[in-house]
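What follows is the residue order along each chain.
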2 protein chains.
Amino acid sequence: MSDAPSMNGAQALAQTLLAGGIDVCFANPGTSEMHFVAALDANPRIRCVLGLAEGVVTGMADGYARMAQRPAATLLHLGPGLANGLANLHNARKARSPVVNVVGDHAGFHAGFETPLASDAEGFARPVSHWVGRAADAASVSVTAAQAIAEAQACPGRIATLLLPADAAWGEVPAAARRIVSPPAARPGAAPDAHALARAVAALRSGEPTLLFLGSPALRTGPLEAAGRLATHCGCTVANALSTARIARGAGRVPVSRLPYPPAPARAMLAGFAHVIAIGTPAPVSFFGYPGQDSVLTAPGCDVIELGYEVDAAAALDALVGATGAGAAAVAAEPHRPPALPADGPLSARLANQAVAALLPRDAIVVDEAITSIEGFLEASAGAAPHDMLRTTGGAIGIGPPLAAGAAIAAPDRKVVALQADGSAMYTLQALWTQARENLDVLTVIYANRAYRILEGELRAVGAAAPGQSARKMLSLDAPALDWVSLARGMGVEAVRADTVAGFIDGLRAGLRRRGPFLIEAII
Amino acid sequence: MSDAPSMNGAQALAQTLLAGGIDVCFANPGTSEMHFVAALDANPRIRCVLGLAEGVVTGMADGYARMAQRPAATLLHLGPGLANGLANLHNARKARSPVVNVVGDHAGFHAGFETPLASDAEGFARPVSHWVGRAADAASVSVTAAQAIAEAQACPGRIATLLLPADAAWGEVPAAARRIVSPPAARPGAAPDAHALARAVAALRSGEPTLLFLGSPALRTGPLEAAGRLATHCGCTVANALSTARIARGAGRVPVSRLPYPPAPARAMLAGFAHVIAIGTPAPVSFFGYPGQDSVLTAPGCDVIELGYEVDAAAALDALVGATGAGAAAVAAEPHRPPALPADGPLSARLANQAVAALLPRDAIVVDEAITSIEGFLEASAGAAPHDMLRTTGGAIGIGPPLAAGAAIAAPDRKVVALQADGSAMYTLQALWTQARENLDVLTVIYANRAYRILEGELRAVGAAAPGQSARKMLSLDAPALDWVSLARGMGVEAVRADTVAGFIDGLRAGLRRRGPFLIEAII
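Each chain has its residues counted from 1, running along the sequence as written. Here every chain gets a letter starting at A, and every ligand a number starting at 1, in the order they are written. Where local features are concerned, this predicted model is filtered to residues with pLDDT of at least 70; where side-chain atom pairs are given and counted, the filter is 80 or more; whole-chain, interface and lining totals use all residues.

Here we come to the interface of chain B and chain A. How big an interface is tends to be stated in terms of accessible area lost as the parts join. Across the boundary between the two partners, chain B contributes 83 residues, which contact 83 residues of chain A. Top element by residues in the side of chain B that touches chain A is helix α4 (residues 78-95) of chain B. It accounts for eight residues. Basically, the charged four are Asp, Glu, Lys and Arg, the nonpolar ten are Ala, Val, Leu, Ile, Met, Phe, Trp, Tyr, Cys and Pro, and anything else, Gly included, counts as polar. By residue class, the composition of the side of chain B that touches chain A is 47 nonpolar, 26 polar and ten charged. By the convention adopted here, residues make contact when the C-beta atoms placed from their backbones lie within 7 Å. Put simply, DSSP H or I for four residues or longer makes a helix, DSSP E for two residues or longer makes a strand, and each gets a number counted from the N terminus.

The following block contains the structure:
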């Protein structure tokens, strides 16, 4: 009989999250998670953010992790709740975002029955999780949760999924086990392979055309500066992978060109390089496979050097700088040269993007899920105010609206500008409600082309003649046209529609002036 | 060199679907499915219905199967597209709905690369699928697809998932393999176990209180009449499981009472029976497990007889009728006694449900995802015009709007009345757009209580004191209130709001009069 206050498994979990530095929980709970909800209630240092669909919950956790550089928790209801969040966990996995999923499960004694919600939750979790664990009972909740947090923080970021059976949550932690386990410190990334590093140094010293091909961990300000020194000192070119979780861009930053999406221009870009050094990303491969085409985009005979995904990208770049003697080289940073505001006229994606780049506030976070409508933005914003850009990483569309919300929660002092295709936005439009409820500083531009425009091109590419009725029905989003002003208002977000450049600029200024969510439907 | 026209794997798949009687494809395609989209275009007998999120696609397939009693196909984009559809496939699995999922995958030569969309598609599929297969190449597409169709149609209905690599879709079928395989006829259900059947007959003859506890396959008109004869002849009671895919109700049908959701009244209802005979469903078990409570709801010592899930439920009931000599017994059908229209006053869920029951058109399909707001409807509609009622089967919320759309496509001459909770509707509100595009005859009532009301009760049940700030934030949907009239209009569905009984009845009449989608936001 201990005098210590009682503690159940759910309370132990909440306190372990706090001990591990996790103080945001994106949630869509159900009955089996009610004890954890009560525990969160008793630990108000954990901020709880509700998403009205689980794809919103997991997408917010991804956006949060990309900006905070530490994990949030998610709270999901059993296997089906997890299932709804899987596609954006796939994106988070590809982004190497650290996420700790807490998934409720039936009490052990209930699990064997064929009940409506009985499902294989581990089976759902495994394809997107680097680590899956289950709290066996209340006594082991803290140690298992600490392990989940440690796994999530392994370099460069992992998905850890903790299954919490209801009886482990409501069960009393025995007095002897009533200790909150502090997760071990985040493991640093591995050192790059010495042989690969030596090959990279030789390539950089060769004087031959060499490309530094960088993934997200190498695209933060610090590692990018190292890449900039290498560019100056060794004459190499710096490019980034198509699907980058986060990249520092704009005035004062090292200019980086992006590998094009279509295979033909990507091959053309890569053809000129004798050496390609990939850091924090695999070597360049096409997004999809196409008939009669090689997936590898580098030319035959190109010397491809992969320094690896799991390594500490910053340390790898520092090592290259040291070995090549580039430490004193100057960085050729982008000058501040925002584009002019476009003149009035009918709106197009390109003109809208020019206006966004012209008015982009300093330290904005640009979320790009504009798909085909991103045209012209990269060029127009190269010398815009410094900003971070977040993109879809796993090709699962519907990441934009929750990514913007999560980023806004992680960086409340920065404006989030979400450039968003209409088709993709429809997957997770519920995120607008969370943006309204939490008064998140997100300005969303919906590019309303009313089609899966990218697929129209792909259909042509497979040699199909003019699309017939079935294809048109599957690729177009008109009839009826989506009315994004109504959709946004329905979720409490003020919105305007623009079909002229002047109208769009007015909307942009209105959205940038306020602090809170706003949406512009750009008819293009 | 054959003279036969060329055929690729995608065309073979489309023709195999038609050979198997599948002529509806619910779709959300992507790049890797473009050859199949082209093949669908060339086979206009297959009706293609676009859903703007995959949960809509799979939920429509479930609703279609429940009404058509045969499978539709779904078309999903790679592992992440399948992932988005998993929760409603979980529901379809629990409903025993036949569904054939066609999931595109990367071309074989592309699959080994760490690309954005690379994922474990089989891993995603397995927890919800009774069968998972992969077309190895173009030559084997037809035989593999025929197997998928046969598996889906195994009694009482299964989920079959066919992975279609892009190169199997675009690859040319060799002339020698250019044969469309017709799926074998649907396998009939197994005969019930003779020993269990004998126990059931003994129970029915015992004169002791006996409950016929029926799942969906036993709740269609035919088997229900058999149950009605048994009730008359043997004096047994007829009840249905909580989560039923489809039940025939209303005037002229055999009255069936439903097992209550909360464990206490469910136990009380079951306590009076010496024998419980479960047909087409497991024996009664509580939805969730609760601290200190047994999950089994029948009283200790109750004689529980399970005739099984996979058996032909109609044949099992016929066998019981034959063995007990109930064949000539009359059926005590429900008389036609629709409730009166409620008098005007402030609206409540109970009054709204009374009005719906009063005005329910003959042969309506009632989709119930009203959760707590269904109160009073079952009683009020017991003697309403004859109708079928579809409910959530797997506890994954967000099935209602797509279920209604799929049912409307399967039964275009019947009015669909969808009774829908606001919290659940938000998961798949994109289904409203498909309802508008296809002009589906669906009248949706959104019960806007602006809360996860059922969870408020569950939180109290776990002994939490008054909910604090975090719990309130996770259980309430106000601040901002969802505006369903705007949301519906944003997707092309006309809508009205009602907060009085008279206003609600006006809306109901307007919605029933038209042929096409309409939505009433009922403020309760």
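Below, the discussion takes up helix α6 (residues 141-152) of chain B. Residue and element names in this part refer to chain B. In a regular helix each residue adds 1.5 Å, so twelve residues correspond to 16 Å; α6 covers 16 Å between its end C-alpha atoms and thus fits that length. Once C-beta atoms are placed from the backbone, each residue is buried if 20 or more other C-beta atoms lie within 10 Å of its own, exposed if 12 or fewer, and partly exposed for counts between those two. Of all the twelve residues making up α6, nine are buried; the element is thus mostly covered by neighbouring parts of the structure. Along α6, the residues that are buried comprise Val141, Ser142, Thr144, Ala145, Ala148, Ile149, Ala150, Glu151 and Ala152. The secondary structure elements touched by the buried residues of α6 are α1 (9-19), β4 (99-105), β5 (131-134), β6 (159-165) and α7 (166-170). Given a helix with a known number of residues, its expected span is that number minus one, times 1.5 Å.

To continue, consider the packing of helix α1 (residues 9-19) of chain A against helix α7 (residues 141-152) of chain A. Residues and elements named next belong to chain A. Lines fitted to C-alpha atoms define the axes, with helix axes restricted to the stretch in contact, and inter-axis angles between N-to-C directions lie between 0 and 180 degrees. As a packed pair, α1 and α7 sit with axes 8 Å apart at the nearest point and diverge in direction by 35°. In terms of crossing hand, the pair formed by α1 and α7 is right-handed. Listed contacts from α7 to Gly9, Ala12, Leu13, Thr16 and Leu17 of α1 are Val141, Ser142, Ala145 and Ala146. With the far helix as reference, a near helix turned anticlockwise by less than a right angle produces a left-handed crossing, and one turned clockwise produces a right-handed crossing.

The next point concerns the sheet that holds strand β7 (residues 210-214) of chain B. Strands belonging to one sheet form pairs held by backbone hydrogen bonds; the direction of such a pair is parallel or antiparallel. Residue and element names in this part refer to chain B. Spatially, β10-β8-β7-β11-β12 is the arrangement adopted by the five strands of the open sheet, whose pairing is parallel. Taken across any chain shown, the strands that pair with only one partner, and hence form the sheet edges, are β10 (257-258) and β12 (303-306). Here, a strand pair is defined by DSSP locating no fewer than two bridges between the strands. Two strands pair when backbone bridges link them, and strand β11 (residues 275-279) and β12 are joined in this way by four bridges, in the parallel orientation. Of the residues in β12, the one forming a bridge with Val276 is Val304. Taken strand by strand, helix α9 (residues 221-234) contacts β7 and β8 (237-240), and its axis lies near 175° from that of β7.

Quick look at the environment of Leu512 of chain A now. Residues and elements named next belong to chain A. Structurally, the position occupied by Leu512 is in helix α21 (residues 501-513). Under the C-beta neighbour-count criterion, Leu512 is labelled partly exposed, with 18 such atoms within 10 Å. Leave out the neighbours within four places in its chain, and Leu512 touches Leu359, Pro361, Lys415 and Leu443.

A separate point is the domain arrangement of chain A. Residue and element names in this part refer to chain A. Segment limits for the domains were obtained from an automatic or database-derived domain assignment. In terms of domains, chain A is made up of domain 1 (9-177), domain 2 (194-324) and domain 3 (349-523). Spacing between the C-alpha centres of domain 1 and domain 3 amounts to 30 Å. Each partner contributes residues to the interface: domain 1 has 24 residues there, and domain 3 has 24 residues. Elements represented by at least two residues in the side of domain 1 that touches domain 3 include exactly β2 (47-50), α3 (54-68) and α5 (86-95). When residues in the side of domain 1 that touches domain 3 are grouped by element, the largest group, eleven residues, is from α3.

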